[in-house]
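# Analysis of the macromolecular model
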Amino acid sequence: MALSEPFREDRKARGAPADLVLLVLGGSALLIALILWFDNAQGGLTGNGVFKSLELKPWVVDPANAPLYPSNYLFYPVYGALCRLLDLLGLFAGDPRRQLTILNAVSASLCAGVAYLLARSLTGERTIAWLTGAFHLATSHVMFLAIVNEDIMPSYTVMFAAMALGAVWFARPSAARIAAVAVLFSIGWLFEWRLMFPTLPAMLAALWVCEPRPGRRFVWIALFLACMVATATIVALASRGHAGAVGPFDLIWTGKAVRSVWAGFTWAKVGYLWDGIVAYLLGTGVTTFDGLPGWDIWRFTTTFVLLGVAAVAGSILWRARDEGRSRAVLAVFGVTFLAGEVFNLYSQPQDPQMQINVMAWVTPAWALVLLAVRRRWPARGLAVMAAVTVALFAYNVWSIAPLRGLDSKWRDAIGRLERQGDPARTVFLLHDFDWTMVYASLHWGTAEPGVADLGQAPQALPKFKWIGFTGDVLRHPDWTTERHVESLRRQIDRALALGYEVIVVRLWDIPEAQLLTETGMVADAARLGALQRMLRTDFVATPVSIDPVAGSVYRLQRAADR
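Below: a short report on this structure. Every value quoted in this text rests on a predicted model; they were computed, and no experiment measured them.

### Overview of the pairing of strand β3 (residues 501-505)
- Burial within β3 is extensive, with four of its five residues counted as buried.
- Alignment of strand β1 (residues 426-430) against β3, held across four bridges, turns out to be parallel. Residue phenylalanine 428 lies in a different strand from β3, and its bridge partner there is isoleucine 503.
- The pairing of β3 with strand β5 (residues 551-558) spans four bridges and is classified as antiparallel. The residue of β5 that forms the bridge with valine 504 is tyrosine 554.

### Things to note about the nonpolar core
- Within the largest apolar cluster, 121 residues are counted, with the highest numbers of intra-cluster contacts made by Phe185, Trp189, Phe224 and Phe333.
- By residue number, the principal contributor to this core is helix α4 (residues 96-123), which donates 13 residues.
- Sequence-distant contacts of phenylalanine 333, defined by excluding residues within four places in its chain, comprise Leu118, Phe160, Met163, Ala164, Ala167, Ala360, Trp361 and Pro364.
- The next biggest cluster of nonpolar side chains, apart from the first, holds 32 residues, and it includes Val502, Ile510, Leu528 and Tyr554.

### Concerning the sheet that holds β3
- Read across the open sheet, the five strands follow the order β2-β1-β3-β5-β4; overall the sheet is mixed. Each edge of the open sheet is held by one strand with a lone partner, namely β2 (466-468) and β4 (539-547). Strand-to-strand, the axes of this sheet are offset by a mean angle of 25 degrees, without reference to chain direction.
- Of the strand pairs in this sheet, β4 and β5 are connected by eight bridges, and their pairing is antiparallel. Residue pairing in the sheet places threonine 542 in a bridge with arginine 555 of β5.
- Contacting β1, β4 and β5, helix α23 (residues 525-538) crosses the sheet at an angle of about 100 degrees to β4.

### Describing helix α16 (residues 362-376)
- For α16, with 15 residues, the first-to-last C-alpha span of 21 Å sits near the 21 Å given by 1.5 Å per residue.
- The buried fraction of α16 is high, at eleven of 15 residues.
- The complete set of buried residues in α16 reads Val362, Thr363, Pro364, Ala365, Trp366, Ala367, Leu368, Val369, Leu370, Leu371 and Val373.

### Details of the packing of aromatic side chains
- Enumeration according to the criterion identifies 26 aromatic pairs in this entry.
- Ring geometry for tryptophan 37 versus phenylalanine 38: centroids 6.2 Å apart, planes at 20 degrees, classification stacked.
- The exposure class assigned to tryptophan 37 is partly exposed, which follows from its relative accessible area of 28%.
- Aromatic side chains phenylalanine 170 and phenylalanine 224 sit 6.4 Å apart centroid to centroid with 80 degrees between the ring planes, which places their arrangement in the edge-to-face category.

### Section: the environment of serine 487
- With respect to the secondary-structure elements, serine 487 resides in helix α21 (residues 481-497).
- Residue class for serine 487 comes out buried when judged on its relative accessible area of 6%.
- Sequence spacing of serine 487 and aspartate 472 is 15 residues, and the spatial spacing of their C-alpha atoms is 7.7 Å.
- Not counting residues within four places of it along the chain, the set of residues in contact with serine 487 comprises Asp472 and Trp479.

Conventions adopted
- The residue numbers shown here count from 1 along each chain, following its written sequence.
- Reporting of local features is limited, given that this is a predicted model, to residues whose pLDDT is at least 70; pairs of side-chain atoms are given and counted only at 80 or more, and all residues count toward the totals for whole chains, interfaces and linings.
- For the side-chain quantities, the full set of heavy atoms in the structure was used; hydrogens and water were omitted.
- Buried, partly exposed and exposed residues are distinguished by accessible area as a fraction of the type maximum, computed with a 1.4 Å probe on protein chains only: under 20%, between the cut-offs, and over 50%, respectively.
- Counting from the N terminus, the helices are the DSSP runs of H or I reaching at least four residues and the strands are the DSSP runs of E reaching at least two.
- Any two strands between which DSSP finds at least two bridges are classified as paired.
- The criterion is simple. A nonpolar core is a set of buried Ala, Val, Leu, Ile, Met, Phe, Trp, Tyr and Cys residues joined through side-chain atoms within 4.5 Å.
- The contact criterion used throughout is that any non-hydrogen atoms of two residues lie within 4.5 Å.
- Here, axes are lines fitted to C-alpha atoms. For helices the fit covers the stretch in contact, and angles between N-to-C directions go from 0 to 180 degrees.
- By this rule, a helix spans an expected 1.5 Å times one less than how many residues it contains.
- Any two of the Phe, Tyr and Trp rings considered here, Trp counted by its six-membered ring, make a pair once their centres fall within 6.5 Å; the pair's planes then place it as stacked at under 30 degrees, edge-to-face at over 60, or tilted in between.

This is the structure we're talking about:
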């Protein structure tokens, strides 16, 4: 390609191997330093990492008998082997919950290396490639998910690599290139099944628009799909006989969360979608300032920045619309975004794990913005953009600073709760998303919510006995509000009848609006209000303490007039 064209290829790629080593090692070191500083493996996001680490533990200590999970078929075997390696190295030995953060940091740094290679292939500029890799790590979702123990990062890294390779190779497709991309793509969704859906139509669209011969288009699409099925088949055959093993078509369609309480389209999710999109780039630090309309500043500023990036990158791609490379980039990343956001509207659009792969378009778009800056201001343009990247990273780290140290703080808080209520004689009433539930599960052991299997108090095991405030809402979204209310009342009554103290944490005096916000899309205001009114009408609460971390603690008793 000529220099006068919108983007060009760096065929010699001088220094690329050394650059990749420095970027991956430097990125890993920086992110691991953040992990140690942050002291919060959960990140204040969800408790998924606690439960994922418990499912991962058998793959560390006894992989031959550990169960496979169809929706994360490769995740547990691969990360289990890597955790054993970390055990040998003495890094968080015996603690998969924190080892996950180290592995995610390395994975994210490898992903930054992919961003480097993609940018260098698109622009032919070594400096732009460096800045693109650094920018990728600096974005809020990537940086955050790289230092916590959620399970999305390895699957995202593989999927992003497949997307980058497709954006480059599908410009001039061949059988070998299509097969390679299809296999890499399949490995990505075999780590996390749902990643298949936004990017599969994008890959097929890229093959369609980049191949000028109509008949060959169908051949390439059939080849891609055949290689995808073949990869699933090989993985299924390799795991045959293992606990939890399934066939290839059960891997291609696992049905995970399709009918869960989060599933379905609602108008409220449009707002969540907007927040999820803007949060990909920018953390919410600005929202903490009193006297400022912080949420509006955050939403609108980031929206305009993203629109500006899209406009600049789109104009470059439009000028090169006759080239296969331009069409491939637009199809792979653009269709992934469009299909992904429709998919997210059905599920959890505000969740960083749902947005990170869908918003992958921002990285190649940023590379093209850097190219435009380089041409417009050749002397200082890239230096300014490097400063912007540093500022972005610093801002996003500052945004998560209030969450620093929560692992240590919650360990102490669970100790205080144990002193206030003997676990052998206590049933805790908790919001199912409350951090008390997450950290009690971590330090006392996991247990399903409910009291159906409890015997007379005291009972030593399970140590953590609890009732979920929205437990039946999560498990039985088809029930009526009246049935949910009656079920919660019956569980509390049974715990009291068995001689247990019922300790309610935070729920008793939480405002209804805050309860609705924390519950998100799981239950509407009417259902939450009915549950809360029943609690305050049929029971009385005696204050026990106000914990600086867990919040208010009350002891519950039946109301006298019941």
